[in-house]
Amino acid sequence: AGILLAPKSGEETREDLKKLAKEYQDKAMDLYIVAKKIVERKMRNLKAAGEKLDENKYMELVTEVIEEIKKDGRVTADAAKKLSTQLKSDWNMIKTEFEK
């Protein structure tokens, strides 16, 4: 709201909004990478323990990781939901990698 109400030209305001959007995009990507690494670590632990990973177990791991991240205060509930959706949509790629 502050950007939109600031006494700047339309061009300056658009540039400020672009910068802000880029910052949010970068933060979201960083958080996705962190969450994905945590999920992958947990999957490696399962594999090392000789446990099987199926789709249900993967979805449980994603939910567990998202809850951990939410408790840390790193994301809002809405951002956590989007992150969860993205990680869960990675299942087919993860399955292939896990089977190697």
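Here, every reference points to the structure presented above.
Residues numbered from 1 in each chain as written. Predicted model: local features only at pLDDT ≥ 70, side-chain atom pairs only at ≥ 80, totals over all residues. Heavy atoms only, no water.

Student: Is there a simple way to explain the nonpolar core in this structure?
Tutor: One recurring pattern in soluble globular proteins: nonpolar side chains tend to sit buried together. In this structure, M43, L53, Y58, I69, L83 and L87 are the most contacted members of the largest nonpolar core, which totals 21 residues. For this core, the secondary-structure elements that each account for two or more residues are α2 (10–48), α3 (55–71), α4 (77–89) and α5 (91–98). (Core = buried A, V, L, I, M, F, W, Y, C linked by side-chain atoms within 4.5 Å. Buried < 20%, exposed > 50% of the residue type's maximum accessible area, 1.4 Å probe, protein only. Helix = DSSP H or I, 4+ residues; strand = E, 2+ residues; numbered from the N terminus.)

Student: Please clarify how the side chain of D90 should be interpreted in this entry.
Tutor: One can find D90 in the loop between α4 and α5. One buried charged residue, D90, forms no salt bridge at all, with the nearest opposite charge on K36 at 4.7 Å. (Lys, Arg positive; Asp, Glu negative; His and termini not counted. Salt bridge = Lys/Arg side-chain N within 4 Å of Asp/Glu carboxyl O.)

Student: Explanation requested: the pattern of salt bridges in the structure shown.
Tutor: Side chains that differ in sign of charge can pair as their charged atoms come close. For the structure on display, the rule yields 7 salt bridges. The residue K82 makes a salt bridge to D78 at a minimum N-O spacing of 3.4 Å. A residue pair is termed a helical-turn pair when its members lie 3 or 4 positions apart in one helix, as K82 and D78 do in helix α4 at 4 residues. Owing to a relative accessible area of 55%, K82 belongs among the exposed residues under this scheme. Note on D78: relative accessible area 46%, which makes it partly exposed. Members of the salt-bridge network, linked through shared partners, are K42, E64 and E68.

Student: Looking at this structure, how should I read the packing of aromatic side chains?
Tutor: Working definition: an aromatic ring pair is given by the centre-to-centre distance plus the angle between the planes. Scanning the entire structure with this criterion turns up 1 aromatic pair. Measuring from ring centre to ring centre gives 5.3 Å for Y58 and W91, while their planes differ by 40°; the resulting arrangement is tilted. Of this pair, Y58 sits in helix α3 while W91 sits in helix α5, and the two are 33 residues apart along the sequence. Residue Y58 is classed as buried on the basis of its relative accessible area of 1%. Here W91 falls in the buried class, since its relative accessible area comes to 9%. (Phe/Tyr/Trp six-rings, centres within 6.5 Å; stacked < 30°, edge-to-face > 60°.)

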